[in-house]
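Chain by chain, the residues:
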Amino acid sequence: MMNIESVAILRRMIECKQSPFEKRAGVYCWWFKESAAMQLLKQLPPINTACIAKRLIDGDSYWALYFGISGNMQQRAAWHINQKHTPSAVKSGYLSTLRQVISALLNEDMTISQNSVNELMDASCYLEWDYTSTKEEAEKLETIELSQNQCIYPLNRAKNRTVSKEHLKRLTELRSKYRK
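Cut-offs and rules
Residues numbered from 1 in each chain as written. Predicted model: local features only at pLDDT ≥ 70, side-chain atom pairs only at ≥ 80, totals over all residues. Heavy atoms only, no water. Helix = DSSP H or I, 4+ residues; strand = E, 2+ residues; numbered from the N terminus. Rg over C-alpha atoms; globule rule 2.2 N^0.38 Å. Buried < 20%, exposed > 50% of the residue type's maximum accessible area, 1.4 Å probe, protein only. Contact = heavy atoms within 4.5 Å. Areas by Shrake-Rupley, 256 points an atom, 1.4 Å probe, with all protein chains shown as cover. Lys, Arg positive; Asp, Glu negative; His and termini not counted. Charge placed at Lys NZ, Arg CZ, Asp CG, Glu CD. Polar contact = N/O pair within 3.5 Å; in protein donor to acceptor, adjacent residues only side chain to side chain. Axes fitted to C-alpha atoms, helices over the stretch in contact; angles between N-to-C directions. Parallel < 35°, antiparallel > 145°, perpendicular 65-115°, else oblique. Phe/Tyr/Trp six-rings, centres within 6.5 Å; stacked < 30°, edge-to-face > 60°. Lys NZ or Arg CZ within 6 Å of the ring centre and 35° of its normal. Arc of directions from axis to C-beta. Salt bridge = Lys/Arg side-chain N within 4 Å of Asp/Glu carboxyl O.

Undergrad: Break down the overall build of the chain for me, citing the residues and quoting the values.
TA: From N to C terminus, the chain includes eight helices and five strands. Ordered by position from N to C terminus, the α and β elements of the chain give β-α-β-α-β-β-α-α-α-α-β-α-α. Computed over its C-alpha atoms, the radius of gyration of the chain comes to 15 Å, within 12% of the 16 Å expected for a compact globule of 180 residues. With respect to the three principal axes, the spread of C-alpha positions in the chain is 35 × 35 × 35 Å. Counting across all 180 residues of the chain, residues that qualify as buried make up 48%. Counting contacts in the chain only where the partners sit at least 6 residues apart, residues at least 24 apart contribute 72% of the total. Of the roughly 8900 Å² of accessible surface on the chain, a fraction of 49% belongs to carbon and sulfur atoms. One finds the centroid of the 25 positive side-chain charges in the chain at a distance of 7 Å from the centroid of its 19 negative side-chain charges.

Undergrad: Lay out the side chain of Ser 70 in plain terms, naming residues and giving numbers.
TA: Mapped onto the elements of the fold, Ser 70 is located in strand S4 (residues 60–70). Classification of Ser 70 as buried rests on a relative accessible area of 2%. From its side chain, Ser 70 meets the backbone oxygen of Asn 72 in a polar contact 2.8 Å long.

Undergrad: Which residues make up the packing of helix H5 (residues 97–105) against helix H8 (residues 165–178), and what values go with them?
TA: Helix-helix packing is described using two parameters, namely the angle between the two axes and the distance between the axes. Running from N to C, H5 and H8 cross one another at 85 degrees; their axes reach a closest spacing of 8 Å. Our classification of the angle between H5 and H8 gives roughly perpendicular. Note on element contacts: H8 touches H5 through Leu 171, Leu 174, Arg 175 and Tyr 178, opposite Thr 97, Gln 100, Val 101, Ala 104 and Leu 105.

Undergrad: Give a detailed account of the packing of aromatic side chains, specifying residues and quantitative values.
TA: Evaluation of the coordinates by the stated rule reveals five aromatic pairs. Centre to centre, the rings of Tyr 62 and Tyr 126 are 5.2 Å apart; their planes meet at 85 degrees, and the pair counts as edge-to-face. Residue Tyr 62 is found in strand S4, and its partner Tyr 126 is found in strand S5 (residues 125–131); the two are separated by 64 residues along the sequence. For the pair shown, Tyr 62 and Tyr 126 are each scored as buried. Against the face of Trp 63 rests Lys 54, its NZ or CZ located 4.9 Å from the ring centre. The ring of Trp 31 carries Arg 55 above its face, with NZ or CZ at 5.1 Å from the centroid.

Undergrad: Account for helix H2 (residues 34–41), with residues named and values stated.
TA: The complete set of buried residues in H2 reads Ala 36, Ala 37, Leu 40 and Leu 41. Angularly, the buried residues of H2 cover 125 degrees about the axis, an arc narrow enough to put them on a single face. Buried residues along H2 sit against strand S2 (26–33), S4, H5 and helix H6 (114–124).

Undergrad: If you had to explain the pattern of salt bridges to someone new, which residues and values would you point to?
TA: All told, the structure shown has six salt bridges when counted by the stated rule. Residue Lys 33 pairs with Asp 60 through a salt bridge whose shortest N-O separation is 3.8 Å. Of the two residues, Lys 33 sits in strand S2 while Asp 60 sits in strand S4, which places them 27 residues apart along the sequence. Here Asp 60 falls in the partly exposed class, since its relative accessible area comes to 32%. Lys 159 is the salt-bridge partner of Glu 142, the closest N and O atoms lying 3.4 Å from each other. Here Glu 142, found in helix H7 (residues 135–145), pairs with Lys 159, found in the loop between H7 and H8; they are 17 residues apart in sequence, far enough to count as distant. Accessibility expressed as a relative area gives 9% for Glu 142, which makes it buried. In this structure Lys 159 comes out as partly exposed when scored by relative accessible area, which is 48%.

Okay, structure coming up:
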């Protein structure tokens, strides 16, 4: 992928209406500082963490935990980074899947977890992204990423073939438990 930036910086840019994202289709990957990744993953069945993609960013180890696509990267990034945890967004299921999963893994009700999720993202996350010609091209890349066994993305639920059914079931249970 061609672009990577800390979520704290991206949040400030988006809030100041200086989004670095284009209104184009694309793919993206969420990188979590190793300590935050381990904190989140302890809520799930054990996985082979050697299969999680890792990289050094600013001298710290980061793990790739979530892979996604969008028909409009500007809109999708703002949604994941700055979405409000309103009762209606939570109840309708409109709250970002990534935010739902992080809330659940932090053991917090989704309607009150906005600050905790933002704090974790700002302190521990980088977002990497690239653009594709079409949304269909992004969907093909997602299918490849979530079906190969070379890397696993433990926070993805939909279409994820890189983790066990037990893992996906636990993600679903936790999301349901904390959707309040």
